[in-house]
Amino acid sequence: MADVPHGGQTGDLLARLAALETRQADRPFERLRQMVLAGEGESWKWVVEKYSRFVYAVALKLLSGLEDRDEAAAVIYTRVFERLSAREFALIRRFEGRCRFTTYLYRIVQSERKEYFARRRVRAPVEAAGSDVPERSEVPPVPVLRPEELRRAAREALGRLAPKDRLLLVYRFRDGLKLREIADM
């Protein structure tokens, strides 16, 4: 679990979320997943209860040092659960079980954090400009590489890796081993 200092309202909220999580402790994710995808009763509520503390605590940890981190964590928390429930639970349906569900959630929280800061950067110049709001923000174009350029760039990057690091990538992405299996090796 993410190590987040508790105190005040944040500590109270995390304690309430922990109580919800405890109510769902005996429900394994795979069973909850099956129930959600089958549209059974309160199953989505149970998923939210089981993983709310995890999502919120990870968001707080990833936002440490940010002045308005409680507000940002709340935005990220909301967006994570919106994404999970979107398009008839598409992300939950696509979860393949190659890692723990919390690892999957962690990556979703990271992605939402990145998007939060991207939205914030786009808004910041507009807010600073006051009434002189530009028609559109200037975002530098992202270079698009042709497939052969992309392959060449990837080969060069792999060539700069130490042999042990290259082997790790081979085990993970070519052979499909889990990180735990690689660590055991």
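Above: the structure in question.
Structural notes, computed from the coordinates. (Residues numbered from 1 in each chain as written. Predicted model: local features only at pLDDT ≥ 70, side-chain atom pairs only at ≥ 80, totals over all residues. Heavy atoms only, no water.)

**Digging into the layout of surface pockets**
Any empty space left between atoms is shown by rolling a water-sized probe over those atoms. Volume-wise, the largest pocket comes out at about 660 Å³. Every residue lining the largest pocket is counted, 17 residues in all, and those nearest its centre are Arg98, Cys99, Thr103, Arg107 and Arg172. Class assignment for the residues of the lining of the largest pocket results in six nonpolar, three polar and eight charged. (1 Å grid on protein atoms, 1.4 Å probe; cavity = no way out; pocket = protein on both sides within 12 Å on 5 of 7 lines; lining within 4 Å. Points joined across faces, edges and corners; volume = space filled by probe spheres on them. Nonpolar A, V, L, I, M, F, W, Y, C, P; charged D, E, K, R; others polar.)

**As for the pattern of salt bridges**
On inspection of all chains with the given rule, the structure shows 13 salt bridges. Across the salt bridge formed by arginine 152 and glutamate 156, the nearest N and O atoms sit 3.1 Å from each other. A residue pair is termed a helical-turn pair when its members lie 3 or 4 positions apart in one helix, as arginine 152 and glutamate 156 do in helix H6 (residues 147-159) at four residues. The exposure class assigned to arginine 152 is partly exposed, which follows from its relative accessible area of 44%. Because the salt bridges share partners, they merge into one network encompassing Arg79, Arg83, Glu112, Glu115 and Arg119. (Salt bridge = Lys/Arg side-chain N within 4 Å of Asp/Glu carboxyl O. Helix = DSSP H or I, 4+ residues; strand = E, 2+ residues; numbered from the N terminus. Buried < 20%, exposed > 50% of the residue type's maximum accessible area, 1.4 Å probe, protein only.)

**So, the packing of helix H3 (residues 43-62) against helix H4 (residues 69-94)**
Where H3 meets H4, the closest approach of the two axes is 9 Å, and the angle between their N-to-C directions is 140 degrees. Classified by the interaxial angle, the pair formed by H3 and H4 is oblique. Judged by the twist between their axes, the crossing of H3 over H4 is right-handed. Note on element contacts: H4 touches H3 through Arg69, Asp70, Ala73, Ala74, Ile76, Tyr77, Val80, Phe81, Leu84, Ser85, Phe89 and Ile92, opposite Trp44, Val48, Tyr51, Ser52, Val55, Tyr56, Ala59 and Leu60. Partitioning the contact of H3 with H4 into residue classes produces 16 nonpolar, two polar and two charged. (Axes fitted to C-alpha atoms, helices over the stretch in contact; angles between N-to-C directions. Parallel < 35°, antiparallel > 145°, perpendicular 65-115°, else oblique. Left-handed = near helix turned anticlockwise from the far one by under 90°. Contact = heavy atoms within 4.5 Å.)

**A few points about unusual backbone geometry**
Look at glutamate 88: it is not a glycine, yet its phi comes out positive at around 55 degrees. When you line up the elements, glutamate 88 lands in helix H4. In this structure, phenylalanine 89 is a non-glycine residue whose phi angle is positive, near 65 degrees. By relative accessible area, which is 19% here, phenylalanine 89 ends up buried.

**Re the packing of aromatic side chains**
Counted under the stated rule, the structure contains twelve aromatic pairs. Here tryptophan 44 and phenylalanine 89 contribute two aromatic rings whose centre-to-centre distance is 5.1 Å and whose plane-to-plane angle is 50 degrees, an arrangement assigned as tilted. One end of the pair, tryptophan 44, is in helix H3; the other, phenylalanine 89, is in helix H4, with 45 residues separating them in the sequence. Taking the relative accessible area as the measure of exposure, tryptophan 44 reaches 21% and is therefore partly exposed. (Phe/Tyr/Trp six-rings, centres within 6.5 Å; stacked < 30°, edge-to-face > 60°.)

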